[in-house]
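Breakdown of the fold
Chain by chain, the residues run as shown.
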Amino acid sequence: MDMNEIKEIFFQECEEQLAELESGLLKLNDGDRDPETVNAVFRAVHSIKGGAGAFGLDDLVSFAHVFETTLDCVRSNRLDPGPEVLKVMLKSADVLADLTNAARDGGSVDEARSRQLIKELEALANGEVPQASAAAPAPVEVVAKPVAAAAPPPVNDEGFQPVAFSFDDFDVAEEPSLMEMPAYEIVFKPKSDLYAKGNEATLLLRDLSRLGEMSIHCDMGALPTLDRLSPESAYFFWKISLKTDQGEDAIRTVFEFAEWDCDLEISLVEGDPAQSGEELPMQPVPFDLSILDDEPAVSVGVVEEEEQLAYQQQDIRNAAVSAAGTASNVLQMAQSAARAPAEKAAPAASAAAQTAAAQQAAASAGTPTIRVDLDRVDRLINLVGELVINQAMLSQSVVENDTNGTSSINMGLEELQQLTREIQDSVMAIRAQPVKPVFQRMSRIVREIADMTGKSVRLITEGENTEVDKTVIDKLAEPLTHMIRNAVDHGLETPEKRLAAGKSAEGTVRLTAKHRSGRIVIELADDGAGINREKVRQKAIDNDLIAADANLSDEEIDNLIFHAGFSTADKISDISGRGVGMDVVKRSIQALGGRINISSKPGHGSVFTMSLPLTLAVLDGMVVTVANQTLVVPLTAIVETLQPEASAIHSFGSNQRLISIRNSFCPLVDVGRILNFRAIQANPVEGVALLVESEGGGQRALMVDAIQGQRQVVIKSLEANYTHVPGIAAATILGDGRVALILDVDAIVAASRGHSLKPEMSLAAAG
Amino acid sequence: MTYAAKNLTTDGRELIAFRVGDQEFCVNIMQVREIRGWTPATSMPHAPSYVLGVINLRGAVLPIVDLSARLGMKPAEPTVRHVIIVAQVKSQVVGLLVDAVSDILTITDDKIQPTPDVISSEFEKSFARGVLAIEGRMICLIELEAIFPQEEREAA
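In this text, all values refer to a predicted model and were calculated from it rather than measured experimentally. (Residues numbered from 1 in each chain as written. Chains lettered and ligands numbered in written order. Predicted model: local features only at pLDDT ≥ 70, side-chain atom pairs only at ≥ 80, totals over all residues. Heavy atoms only, no water.)

1. A word on the overall build of chain A
Counting secondary structure elements, chain A contains 23 helices and 23 strands. Within chain A, the fraction of its 767 residues that count as buried is 45%. Across chain A, the fraction of contacts at a sequence separation of at least 24, relative to all contacts at a separation of at least 6, is 70%. As displayed, chain A offers around 39,300 Å² of accessible surface, 51% of which is attributable to carbon and sulfur atoms. (Helix = DSSP H or I, 4+ residues; strand = E, 2+ residues; numbered from the N terminus. Buried < 20%, exposed > 50% of the residue type's maximum accessible area, 1.4 Å probe, protein only. Contact = heavy atoms within 4.5 Å. Areas by Shrake-Rupley, 256 points an atom, 1.4 Å probe, with all protein chains shown as cover.)

Right under this line is the structure:
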């Protein structure tokens, strides 16, 4: 391993440390006063400094050193990490990231900025240090190692002091207290089918226990004598009282997969139904085999026994124990939480809530991982793609040769299909990564723009552990950056205006990621002024985008901001108004196979919703024939397919046709015509209609000639060697080795609304 | 590859010659990836007339350009006897449909005569890089970058 490789590893580690640093600082910013968070932040800077010293990266070392010194003051409780202090620290983290990048890629850093921050950091460390009490904290190494040390400063943790920490703070004020939580009485009576289908009542009960504090009562009254016992029947049922703040839906979700195979009654109990029993660790239900010898029948009623489930405590312990060193504090928290109920101090619900945190910590700290070159993964994915195509080819030729359906070839093929699918899923999973890094980058952008515009902004991120394919994540950063900038610069008002409008001076930008029906949905919401529709409209008229007397719905007006060269900014600022507008955002989202939508409420802010595919590699598609061409329509877009009857087709205006579906009228779109594959519209009665729903709202019936079948297809880029084609999302290769095009349903629907497919192209060329 | 290409320019470079209609053309061999037979292409909506469609090249989607139509001559009617030259143009790979590949020429730069001053349209001027006189034949050296210019594709 040569020096460059070692350096590369150092930079990779730096990235992790920087992420750790930032998330730690943000936690502190949110009021987290956990000493371990401070320690983690300190360690991150310290490690970067150590490594940088080894490589003689002097700029990095000296900045990290000052930063570290200030952080040390926080660590030793001599500096209170208030909002002002954290602001400086967050900026310093940004500069540290810049310095690291500069050291790696040879770029330059805004030196004035780093000098300024060094001053601020030093001021914090020296001047504004609140005097420690008489019983001063143990001496902490503040004075530093030689700055430009050629040898790496020893990276040890000797400097760490155990920090006394009171767990009284953990009375989790924000959690609703146990007494306030609604209690549910649940009767869960499994049928034998439940077990036959491989469900395990214990697991369901355990899931249930995670919702809150629970006590379980198992009724064995129905248990027959041994001679009448059928081993495949279900005799037990459970009465559960559960205190949870998560509502009935959450309880139902637990039984989601079992609801057909059990009798389930859930009722809300007023008052306090079950006294909280003492906390016992989970014990197996005593079942003494000897009774089988002594007594043939289990005496009814005797075995009734109240059992307090304490799974959650166990879980916490397990999770915390498996968490590595960095999570040691979680262990303390968890253990204290586990002890707490006995001390009648903290509700068990908080323990349950901590479980998730502990498990997460365990997941991030405990799972062993390897670093792999993306190239290798890409190669693997390409190969699997080829495998899928070959398998499809094989299936097709088997079908063509008709082996009578029962032969071993067919069985083997079926197994091959399953295996291929599984391999594909697993390979895709390798590339799946949480959106966290992108979201974290956004918090920096928000800080910078808030600084530039003098606005006070709070960024809230949710669902940052939602996983998406790496390629999607990489391409997400750019449009997201742009939208965040817009949200802060255009969306949010100045603090004065906000106060005048009766809002808090601090604006909120909320960034959310979640999975929804096989796609990832990313939402960016601000609580700003919303889109100024009058202004947008006027601008559109000025730009000849719409006629002056055009009658547009609010939604249509909002969507105008996606047009090229459209900016409502009054003046060009550093941030926006440079001609790179939302059209670029829209295009990059579309290039990802995604859709973007706005909803805006004047005075209350705007929400941008992006719906993106989880991966760019495969999709489930409907293979159809249009004008002798084979096309693939993404299955996610199709609502239903139908065979139009002549009586359901109505002419509308000069050349429009509508189809009536359940008493509503839906415009018919001839795909072959709109893609220019044929000159005149086909007769709808001879084809098949695919009812599709586009993100922009509205249904359309796409007319195709015939449906060939449903298939999973490997997406191949058209742009790589050709260019973007309007109406076409990508290409794929079918079983016969020929290329088929994948339809861009949204573009087709938009085209059917009168936006021609071609002019948009020339617009693109102009821009 | 660039290294090799640079070296070749000093002591002669290799060109691959092919026939389109009744004319001969050649391109830098370093840009040619492979030569394969014609397979039916999937046509593209809204494509310019000289783009015949796309084919599958071992998993990659390869656009096919009818060079005859592109150079302003009669559009080809592809048969099994036609040949596709798979060429690298900047970062993209395209297939050029030609009648036949004739030979590989090794020439030095001084053998390349400037394009005669008869060219009428700007368009032809942009792709012809010079002409070669070899054994009584006239071979036109063309620049692939110009055949499939970036802006042209954007607008296509």
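2. A word on the pairing of strand E17 (residues 656–661) of chain A
Residues and elements named next belong to chain A. Bridging between strand E16 (residues 649–652) and E17 involves four bridges; their strand directions are antiparallel. Following the sheet pairing, Ile-649 is matched in E17 by Ile-659. Counted between consecutive antiparallel strands, the loop separating E16 from E17 contains three residues, among which Gly-653 sits at a positive phi close to 65 degrees. Hairpin connection between E17 and strand E18 (residues 664–670): a loop of two residues separates the two successive antiparallel strands, and Arg-662 in this loop has a positive phi of roughly 45 degrees. (Pairing = 2+ DSSP bridges.)

3. With respect to the packing of aromatic side chains
Tallied over the entire structure, the rule returns five aromatic pairs over all chains. Here Phe-188 of chain A and Trp-238 of chain A contribute two aromatic rings whose centre-to-centre distance is 5.8 Å and whose plane-to-plane angle is 20 degrees, an arrangement assigned as stacked. One end of the pair, Phe-188 of chain A, is in strand E1 (residues 183–190); the other, Trp-238 of chain A, is in strand E3 (residues 237–243), and 50 residues separate them in sequence. The pair Phe-188 of chain A / Trp-238 of chain A is uniform in exposure class, with both members buried. An aromatic cluster of at least three residues, connected via ring pairs, comprises Phe-10, Phe-11 and Phe-55 of chain A. Lying over the aromatic face of Phe-42 of chain A, Arg-75 of chain A brings its terminal NZ or CZ to 3.9 Å of the ring centre. Above the plane of the ring of Tyr-50 of chain B lies Arg-70 of chain B, whose end atom (NZ or CZ) is 4.4 Å from the centre. (Phe/Tyr/Trp six-rings, centres within 6.5 Å; stacked < 30°, edge-to-face > 60°. Lys NZ or Arg CZ within 6 Å of the ring centre and 35° of its normal.)

4. A closer look at the confidence of the model for chain A
Residue and element names in this part refer to chain A. Averaged over every residue, the pLDDT of chain A is 74; residues scoring 70 or more account for 75%. In this model, residues 336–349 is a region of pLDDT below 50 whose contacts with residues beyond four sequence positions or in other chains number 16 contacts. Across residues 759–767, confidence stays below pLDDT 50; counting only partners more than four residues off in sequence or on other chains, it has eight contacts. (pLDDT = per-residue confidence, 0-100.)

5. Let's talk about the environment of Gln-538 of chain A
Note that Gln-538 of chain A resides in helix H18 (residues 533–542). Each C-alpha atom of the pair Gln-538 of chain A and Ala-548 of chain A lies 8.2 Å from the other, and the pair is 10 residues apart in sequence.

6. Quick word on unusual backbone geometry
Residues and elements named next belong to chain A. Phi angles above zero are rare outside glycine, and Ala-627 is one such case at about 45 degrees. Within the fold, Ala-627 resides in the loop between strand E13 (618–626) and strand E14 (629–634). Owing to a relative accessible area of 19%, Ala-627 belongs among the buried residues under this scheme. Phi at Arg-662 is positive, roughly 45 degrees, even though this residue is not glycine. Mapped onto the secondary structure, Arg-662 falls in the loop between E17 and E18.

7. Concerning the sheet that holds strand E22 (residues 728–733) of chain A
Residue and element names in this part refer to chain A. The sheet built from five strands is open, its strands ordered E21-E13-E14-E23-E22 with mixed pairing. The open sheet has two edge strands, strand E21 (706–714) and E22, and neither has a second partner. Along the sheet, successive strands turn relative to each other by an average axial angle of 35 degrees, direction set aside. Relative to E14, E13 runs antiparallel, the two being bridged by six bridges. Directly across from Val-626, in E14, lies its bridge partner Gln-629. (Axes fitted to C-alpha atoms, helices over the stretch in contact; angles between N-to-C directions.)

8. Structural notes on the interface of chain B and chain A
Across the boundary between the two partners, chain B contributes 27 residues, which contact 28 residues of chain A. With both sides pooled, the region where chain B packs onto chain A buries about 2,200 Å², and carbon together with sulfur makes up 57% of that total. Contact with chain A buries area across many residues of chain B, yet Pro-45, His-46 and Val-61 of chain B alone supply 31% of it, more than any other trio. For the pair chain B and chain A, the number of links is zero salt bridges. Across the contact surface, chain B and chain A share eight residue pairs in polar contact (both at pLDDT 80 or more). Of all elements in the fold, only strand E4 (51–57), strand E5 (60–66), strand E7 (92–98) and helix H5 (150–155) of chain B reach the threshold of two or more residues within the side of chain B that touches chain A. With four residues, E4 of chain B is the largest single contributor of residues to the side of chain B that touches chain A. Residues that form the side of chain B that touches chain A fall into these classes: 17 nonpolar, seven polar and three charged. (Buried area = accessible area lost by both parts, 1.4 Å probe. Salt bridge = Lys/Arg side-chain N within 4 Å of Asp/Glu carboxyl O. Polar contact = N/O pair within 3.5 Å; in protein donor to acceptor, adjacent residues only side chain to side chain. Nonpolar A, V, L, I, M, F, W, Y, C, P; charged D, E, K, R; others polar.)

9. Observations concerning the pairing of strand E10 (residues 519–526) of chain A
All names here are of chain A. Within E10, seven of the eight residues are buried, which leaves the element mostly enclosed by the surrounding structure. Pairing between strand E9 (residues 507–516) and E10: eight bridges, direction antiparallel. Each residue of the ladder has a partner; that of Leu-511, found in E10, is Leu-524. The hairpin formed by E9 and E10 contains two residues between the paired strands, and Ser-517 there has a positive phi angle of roughly 40 degrees. Both E10 and strand E12 (residues 605–613) contribute to a ladder of seven bridges, which runs antiparallel. Note on E12: the bridge partner recorded for Ile-522 is Met-610.

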